[in-house]
Protein chains: 2
Amino acid sequence: MRMDGATDFREKYEEYANFINNALDSCLATDNKPGAEIYNAMKYSLAAGGKRLRPVLALAVCEMLGGSRSEILPFACAIELIHTYSLIHDDLPAMDNDDYRRGMPSSHRVFGEALAILAGDALLNKAYELMVSHMLKKEGDLRACARAMDVIASGSGADGMIRGQTLDVCYEGRELSGEILEYMHRCKTGALIKAAVLAGACIGGASVPEYEALTRYAENIGLAFQIKDDIMDVSGDPDLMGKRSGKDAAAGKNTYVSGYGLDKAVQMLDRSVSAAVESLGCFGAGAGFLRDLALFIKDRDN
Amino acid sequence: MRMDGATDFREKYEEYANFINNALDSCLATDNKPGAEIYNAMKYSLAAGGKRLRPVLALAVCEMLGGSRSEILPFACAIELIHTYSLIHDDLPAMDNDDYRRGMPSSHRVFGEALAILAGDALLNKAYELMVSHMLKKEGDLRACARAMDVIASGSGADGMIRGQTLDVCYEGRELSGEILEYMHRCKTGALIKAAVLAGACIGGASVPEYEALTRYAENIGLAFQIKDDIMDVSGDPDLMGKRSGKDAAAGKNTYVSGYGLDKAVQMLDRSVSAAVESLGCFGAGAGFLRDLALFIKDRDN
């Protein structure tokens, strides 16, 4: 099923993603001093692709509110650096022990575990280097930047994404209640998606009601994203299975499908996408891209 | 050998360290939600002690310049969180594979590798959460805070501390030139010590010449700290050997003693401490504590 204007949406998405990719390429500039190997490892994982969903969200929200691309860009890139570091550390033998990521050998397979750990650390740190060096170049009040950095830092830390990963580690192999499962995913996937939306809101100058509406939007697409992921993991479609590892399901990981069954999970997906779309009401026609993005999360096949 | 006023110095140092320890205790406040285990792992390593050299430096520099303790405190704590995360990740089996840290089982021995990796990540991230949430509470211009955060972020990242760790990993077992050895240590140990001094300088409102003098001071005590470490590792004094692992020397790690020989290393230590003390000339009597601190780095026995 395709919504109207799907081509427009895809073109706009591509354009945002290209804009991000160009910026990401240049934000890991290095020198020729010894030890520059660390940058190779950082760049390898950052260049390995992905949808750039989080930075696209940050850009789109900021633009919808009338903010400028150059002002949100360092924050959007920082979020992608953080997302990338989390994947490197997630793949480590002591964590998920994944040899492949997006069809390419994972960082520790290419660079060894020690350098993979350091590359993750360096990407996380670089995210903050990027944001703060942007602040120092800026004239005038730095409060909106500080607020954007704050939502990103909170979403990434021990009360956000890392909390979710902790739950994943601590509860593996144990059956979770629906409540804890939802909390785990809200932290693990949802927190950084929410941080991306709210960073866009901070830099775009959202009013309090706009900020609240965007919070609801972010929470619902975060939930939808994770449910869709879980559904794709158990999909009988061999095309889809080929694109995904299905490893989570095989390893007895806690997913929405394992917790609620496929039918209920599909219902929950529909509900969260509808709620996301509804929460954009106050933005009128300007929110077209974000509306389409919510539908795209439901309809995507990878 | 004891310098005059050694008791005063030690009392002042204790007082600074206690002030830091109290603040560190409260900066990892958690909730009762699932996954709060991550905070146990973070607190375990943070409470495991150490000299608190870096935050003490930040406080002392800031106070010498007339800055307030409460303004530098979040930055001082952030630096100690970063130092602590680096120790957790350094100890991992894929890195130095150390089972003990300061006489206690290392993080991965207590919590497992997965949680140790996450606790390190969370401490690094918390450092930035702490700094940015302080900024948001502050009234007025945030530029000094942004500058302090910038020196900390640069000192911790792929061009600072992590570069040094990368060299350590990439060059292990190979003999290094004096130049690369010095660069490695300047990054690995020196960069965060320098960041601590310069964060104090930013918040204390240092003038350009003061900032430059403190940069020289920081670089020299950073060097002295590392050389002294290397000397203690090969010291024949059984008391000292008992306190240290001697593991670096045994593992064929590149050290100042292995690279230059003990006599030359002792000379270099003396020279760097003298240079540190000289660089404080412009601060007059107010720099007494920092002067004593440089001498303490030379004379310390752990």
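Quick caveat, the model's predicted, so the values are computed rather than measured. (Residues numbered from 1 in each chain as written. Chains lettered and ligands numbered in written order. Predicted model: local features only at pLDDT ≥ 70, side-chain atom pairs only at ≥ 80, totals over all residues. Heavy atoms only, no water.)

Visitor: Help me understand the overall build of chain A, please; the structure alone is not making it clear to me.
Guide: Along its length, chain A carries 15 helices and two strands. The C-alpha atoms of chain A give 19 Å as radius of gyration, which agrees with the globular expectation for 302 residues (19 Å, within 12%). The dimensions of chain A, computed from C-alpha atoms along their principal axes, are 55 × 50 × 35 Å. Within the span of chain A, comprising 302 residues, buried residues form 57% of the whole. Of all intrachain contacts in chain A linking residues separated by at least 6 positions in sequence, the fraction that spans at least 24 positions is 74%. Accessible area of chain A: about 11,800 Å², with a carbon and sulfur share of 48%. (Helix = DSSP H or I, 4+ residues; strand = E, 2+ residues; numbered from the N terminus. Rg over C-alpha atoms; globule rule 2.2 N^0.38 Å. Buried < 20%, exposed > 50% of the residue type's maximum accessible area, 1.4 Å probe, protein only. Contact = heavy atoms within 4.5 Å. Areas by Shrake-Rupley, 256 points an atom, 1.4 Å probe, with all protein chains shown as cover.)

Visitor: Whenever I open this one, the pattern of salt bridges confuses me. Can you help?
Guide: Pairing between side chains of opposite charge can happen when their charged atoms approach one another. This model, assessed by the stated rule, comprises 30 salt bridges over all chains. We note a salt bridge from Asp-168 of chain A to Lys-188 of chain A, for which the minimum N-O separation is 2.5 Å. Separated by 20 residues along the polypeptide, Asp-168 of chain A in helix H8 (residues 161-170) and Lys-188 of chain A in helix H9 (residues 178-204) bring together distant segments of the chain. Owing to a relative accessible area of 22%, Lys-188 of chain A belongs among the partly exposed residues under this scheme. Within the structure, one salt-bridge network assembled from shared partners comprises Asp-31, Lys-126 and Glu-129 of chain A together with Asp-159 and Arg-163 of chain B. (Salt bridge = Lys/Arg side-chain N within 4 Å of Asp/Glu carboxyl O.)

Visitor: Help me understand the confidence of the model for chain A in this model?
Guide: Low-pLDDT stretches of the model should not have their predicted coordinates read in fine detail. All names here are of chain A. Confidence along chain A averages 91 in pLDDT terms, with 93% of residues attaining 70 or more. Ignoring residues within four places in sequence, the model shows residues 237-246, a span with pLDDT below 50, making 12 contacts including any to other chains. Model confidence for the complex: the whole-complex pTM is 0.94, and ipTM, which rates the interface, is 0.94. (pLDDT = per-residue confidence, 0-100.)

Visitor: Would you mind showing me how to read the packing of aromatic side chains here?
Guide: What describes a pair of aromatic rings is the distance from one ring centre to the other and the angle between the planes of the rings. Residue and element names in this part refer to chain A. Scanning the entire structure with this criterion turns up 17 aromatic pairs over all chains. Summarising the aromatic geometry, the rings of Phe-9 and Phe-296 are spaced 5.5 Å apart at their centres and angled 50° between planes, so their arrangement reads as tilted. In this pair, Phe-9 is assigned in helix H1 (residues 6-27) and Phe-296 in helix H15 (residues 288-299), connecting sequence segments 287 residues apart. Look at Phe-296 and you get buried, because its relative accessible area is 14%. Measuring from ring centre to ring centre gives 5.1 Å for Tyr-16 and Phe-289, while their planes differ by 70°; the resulting arrangement is edge-to-face. (Phe/Tyr/Trp six-rings, centres within 6.5 Å; stacked < 30°, edge-to-face > 60°.)

Visitor: Help me out: how do you make sense of the packing of helix H4 (residues 69-91) of chain B against helix H8 (residues 161-171) of chain B in this one?
Guide: Relative placement of two packed helices is described by the angle separating their axes and the distance separating the axes. Residues and elements named next belong to chain B. The contact between H4 and H8 brings their axes to 12 Å, and the two run at 15°. It follows from the interaxial angle that H4 and H8 lie roughly parallel. Along this stretch, H4 crosses H8, giving a crossing that reads as right-handed. Every residue of H8 that contacts H4 at Ile-82, Tyr-85, Ser-86 and Asp-90 is listed here: Met-161, Ile-162 and Gln-165. Here the contact of H4 with H8 is built from residues that sort into four nonpolar, two polar and one charged. (Axes fitted to C-alpha atoms, helices over the stretch in contact; angles between N-to-C directions. Parallel < 35°, antiparallel > 145°, perpendicular 65-115°, else oblique. Left-handed = near helix turned anticlockwise from the far one by under 90°. Nonpolar A, V, L, I, M, F, W, Y, C, P; charged D, E, K, R; others polar.)

Visitor: Help me out: how do you make sense of the interface of chain A and chain B in this one?
Guide: A common way to report how large an interface is uses the accessible area buried once the components associate. On the chain B side, the residues contacting the 56 residues of chain A number 56 residues. Both sides of the chain A and chain B interface together cover about 4,600 Å² of buried area, and 68% of this is carbon and sulfur. There are four salt bridges connecting chain A and chain B. Among the salt bridges present, the one from Asp-159 of chain A reaches Lys-126 of chain B, with a minimum N-O distance of 3.8 Å. For the interface between chain A and chain B, the tally reads 18 residue pairs in polar contact (both at pLDDT 80 or more). For the side of chain A that touches chain B, the secondary-structure elements that each account for two or more residues are helix H2 (37-47), helix H4 (69-91), helix H6 (113-137), helix H7 (143-156), H8 and H9 of chain A. Grouping the constituent residues of the side of chain A that touches chain B by class yields 31 nonpolar, 11 polar and 14 charged. (Buried area = accessible area lost by both parts, 1.4 Å probe. Polar contact = N/O pair within 3.5 Å; in protein donor to acceptor, adjacent residues only side chain to side chain.)

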